Amino acid sequence: MSDHEPRVLGFLCNWCSYAGADLAGTSRIQYPPNIRIIRVPCSGRVDPLLVIKAFERGFDGVLVSGCHPGDCHYTQGNYYARRRLAILRDLLEFIGIEGDRFRVEWVSAAEGQRFARIVADFVMRLKELGPRR
Amino acid sequence: MEEIRAKAIELLRSGEVKCFIGYERASDGLTARPFFAYSADDAGRLIFDRTCAHNLARYLPDMRGQRVAILVKPCDSRSVNVLIQEGQVNREEVYVVGVVCDGVYKASWGQPSQELEARCLYCSRRVPVVYDHLIGQPPASEPQTPASIPEVEALERRSAKERWEFWRSHFARCIRCNACRQICPACYCPQCFSDQLDPLWTGIRIGLPQNWVWNVGRALHLAGRCADCGGCERACPMGIPLAALNRKLAGRVKELFGFEAGLDPRAPFPFATFKKEEVL
Ligand code: SF4
Ligand code: SF4
Ligand code: SF4
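Residues numbered from 1 in each chain as written. Chains lettered and ligands numbered in written order. Predicted model: local features only at pLDDT ≥ 70, side-chain atom pairs only at ≥ 80, totals over all residues. Heavy atoms only, no water.

## Overview of the environment of Arg181 of chain B
All names here are of chain B.
Here's step 1: Structurally, the position occupied by Arg181 is in helix 7 (residues 179–182).
Here's step 2: The class for Arg181 is buried, based on a relative accessible area of 11%.
Here's step 3: For Arg181 and Cys232, which are 51 residues apart along the polypeptide, the C-alpha to C-alpha distance reads 7.0 Å.
Here's step 4: In this view, Arg181 contacts Arg58, Cys187, Cys192, Ser194, Asp195, Trp214 and Arg218; residues no more than four positions away in its chain are not counted. (Helix = DSSP H or I, 4+ residues; strand = E, 2+ residues; numbered from the N terminus. Buried < 20%, exposed > 50% of the residue type's maximum accessible area, 1.4 Å probe, protein only. Contact = heavy atoms within 4.5 Å.)

## A closer look at the pairing of strand 1 (residues 19–25) of chain B
All names here are of chain B.
Here's step 1: Within strand 1, six of the seven residues are buried, which leaves it mostly tucked inside the rest of the structure.
Here's step 2: Where strand 1 and strand 3 (residues 68–72) come together, three bridges link them in parallel fashion. The residue of strand 3 that forms the bridge with Phe20 is Ala69.
Here's step 3: The pairing of strand 1 with strand 2 (residues 32–37) spans six bridges and is antiparallel. Across the sheet, residue Gly22 finds its bridge partner in strand 2, namely Phe35. (Pairing = 2+ DSSP bridges.)

## Quick word on the packing of aromatic side chains
Here's step 1: Taken as a whole and assessed by the stated rule, the structure comprises 14 aromatic pairs over all chains.
Here's step 2: On the basis of an interplanar angle of 75 degrees and a centroid distance of 6.4 Å, the ring pair of Trp15 of chain A and Tyr74 of chain A is categorised as edge-to-face. Here the residue Trp15 of chain A occupies a position in the loop between strand 1 (8–13) and helix 1 (17–26), and Tyr74 of chain A occupies one in the loop between strand 3 (61–66) and helix 3 (77–94), the gap between them amounting to 59 residues.
Here's step 3: Accessibility expressed as a relative area gives 37% for Trp15 of chain A, which makes it partly exposed.
Here's step 4: Since its relative accessible area comes to 42%, Tyr74 of chain A is described here as partly exposed.
Here's step 5: Three or more aromatic residues joined by ring pairs form one cluster here, namely Phe94 of chain A together with Phe166, Trp167 and Phe171 of chain B.
Here's step 6: The ring of Phe59 of chain A carries Arg7 of chain A above its face, with NZ or CZ at 4.6 Å from the centroid. (Phe/Tyr/Trp six-rings, centres within 6.5 Å; stacked < 30°, edge-to-face > 60°. Lys NZ or Arg CZ within 6 Å of the ring centre and 35° of its normal.)

## What to know about the site of ligand 1
Residue and element names in this part refer to chain B.
Here's step 1: All residues adjacent to ligand 1 are Cys184, Arg218, Leu222, Cys226, Ala227, Asp228, Cys229, Gly230, Gly231, Cys232 and Asn246.
Here's step 2: Among the detected pockets, ligand 1 sits in the largest cavity.
Here's step 3: Residue composition of the shell around ligand 1, grouped by class: six nonpolar, three polar and two charged. (Near = heavy atom within 4 Å. 1 Å grid on protein atoms, 1.4 Å probe; cavity = no way out; pocket = protein on both sides within 12 Å on 5 of 7 lines; lining within 4 Å. Sits in = over half its atoms within 2 Å of the grid points. Nonpolar A, V, L, I, M, F, W, Y, C, P; charged D, E, K, R; others polar.)

## A word on the site of ligand 3
Residues and elements named next belong to chain B.
Here's step 1: Around ligand 3 sit 14 residues in total, of which Cys174, Cys177, Asn178, Cys180 and Cys236 are the nearest.
Here's step 2: Judged by the fraction of its atoms near the pocket grid, ligand 3 is located in the second largest cavity.
Here's step 3: At the level of elements, helix 7 and helix 8 (210–221) are the ones that each hand at least two residues to the shell around ligand 3.
Here's step 4: Of the residues that constitute the shell around ligand 3, the class distribution is eleven nonpolar, two polar and one charged.

Laid out in structure tokens, this is it:
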């Protein structure tokens, strides 16, 4: 474990996960301040290039979070995202960015607690991995 | 060779096609280069042998609106299907002349190479997947594909850190000449993400980490679309092992989605569809 403070970029969908993060905030649930959040209309909006770009800019980890499968506001955005992000993870892993640095999680608007736990786990794991080379 | 010329003469004389896209001997007298035959006279210059490595499907989108014939090896034929699937080529406009192929030689300037390209060693097809006319005798059975690709597997066995160093050192040498893109049949985008200024995906500077976005981004765009024709790696002046990236992703797309690029032009593209129940 290093004392390195990882920087995490989070892409959260407007309808579920962003509201979930909001709930964590309004419920005063504590989670590590290492995450910077970008609100997107849907997890399907997350072009894998955005994730690649985030790693280029030196982020230690990237979180993409959207509605649970079946709950997408646009009915299918997260299903498409799931496929694209799965292949992206394989590619990142293959070029040497540990799969654990890229997380895809489904968080609903009611899961403030869960959001906080995911961020906390993620940051802990990133501390174990240490800074990106 | 004679059979190809005869077919080209027949197609051009009858007016069935305006142009026959094939190969001719290059000026070094050893290698081959793409050749566009517009008349029966031209057709006498056509050749086909183990030096004909190029994937001619690259030229098809530019020929839209005219009837053309094209000579394809099995790998190239998959690119033709990819272009049809993606609406870049009208099947009716193209007369596909397929050749039975058992491998092409590595490109070599100045001296004849007798060594097969790496991809040919584990290629699983001898017969093109799409053709109107077939040249050569199909073998009794298609060759067995090895379960894994040695250079991909060797990388997978290394640690993430080692893989990072490996690719970093390669990508650092990329001069962003775009040869890999220009030669690729699947890279027909009128504006490539790497040419966009707003947003500026790939920074202007030629170096890391900017190159990294280009090389990784392009690999990603070819997932499920690359026919493994070897064009990009052959064209790369810096000798960057681009094929390993493409093969890795092709393998995963097959494992996860049961899809192989260019086998069926009517199949839905794996990233434009989904299964609700899949676990990824
Ligand atoms: S990515 Fe390379 S190997 Fe694949 S189709 Fe394009 S040029 Fe051929
Ligand atoms: S790299 Fe991507 S955006 Fe660029 S031409 Fe190829 S497919 Fe199109
Ligand atoms: S051909 Fe090679 S050097 Fe040129 S842009 Fe592609 S990877 Fe870079």
